[in-house]
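Okay, here's what each chain looks like letter by letter:
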Amino acid sequence: MAYDDQNIFARILRGELPAIKVYEDDHVLAFMDIMPQADGHTLVIPKTPAETLLDLPADAAAYTIQIVQKVAQAIEKALDAKGIVLMQLSGTAAGQTVPHVHFHLIPSSIHELGRHAAQMGNQEKIAGFAEKIKAAL
Ligand code: 5GP
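Residues numbered from 1 in each chain as written. Predicted model: local features only at pLDDT ≥ 70, side-chain atom pairs only at ≥ 80, totals over all residues. Heavy atoms only, no water.

Peer 1: Mind laying out the pattern of salt bridges, listing which residues take part and the relevant values?
Peer 2: Scanning the entire structure with this criterion turns up seven salt bridges. Here Glu16 ties to Arg11 by a salt bridge, and the two come within 3.2 Å at their closest N and O atoms. Measuring nitrogen to oxygen at the nearest pair gives 3.5 Å for the salt bridge that ties Lys21 to Glu24. One connected set of salt bridges, linked through shared partners, spans Arg11, Arg14 and Glu16. (Salt bridge = Lys/Arg side-chain N within 4 Å of Asp/Glu carboxyl O.)

Have a look at this one:
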């Protein structure tokens, strides 16, 4: 399917919508999930326009996973996370709701995850976690 450049993450990348960012470089952006499944739930997205992991060019995938690891290490340090769930949904059939490829980093256990994209988080609290993660990067 053709990439929809009006999706929420494409608009965040263009600066048309706000996001609580923790990391950005020329190729990747990491920001806090607005409906976290656990405290510190962070999203890492390549700037390459691709809908799913299956569409993402291999070099962009390889670089993005390095930043996923870097942000995961910062989350572990900043929030004293004992474990981090790395989740990637490709396709609406898998439950993907935003059609721009992204990696979820959720400091939690697979057995304790909150519901997916179900409830708006407290933005002040989320911003507090973001500050800690940024400081650890
Ligand atoms: P998906 O279901 O596509 O794997 O995940 C999309 C994620 O994006 C969900 O966890 C959802 O909470 C989050 N999300 C949806 N809209 C926004 C938004 O406008 N800003 C941010 N920061 N996260 C969003």
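Peer 1: Explain the pairing of strand S2 (residues 28-32) to me, and be specific about the residues and the numbers.
Peer 2: Taken across its five residues, S2 has five buried, putting it largely inside the fold. Because side chains alternate across S2, one face comprises the buried residues Val28, Ala30 and Met32, and the other comprises Leu29 and Phe31, equally buried. As defined by bridge partners, strand S1 (residues 21-24) adjoins S2 across three bridges and the pair is classed as antiparallel. What sits directly across from Lys21, in S2, is Phe31. Adjacent in sequence and paired antiparallel, S1 and S2 are bridged by three residues. Across five bridges, the pairing between S2 and strand S3 (residues 42-46) is antiparallel. Across the sheet, the residue bridging to Leu29 is Ile45, located in S3. (Buried < 20%, exposed > 50% of the residue type's maximum accessible area, 1.4 Å probe, protein only. Helix = DSSP H or I, 4+ residues; strand = E, 2+ residues; numbered from the N terminus. Pairing = 2+ DSSP bridges.)

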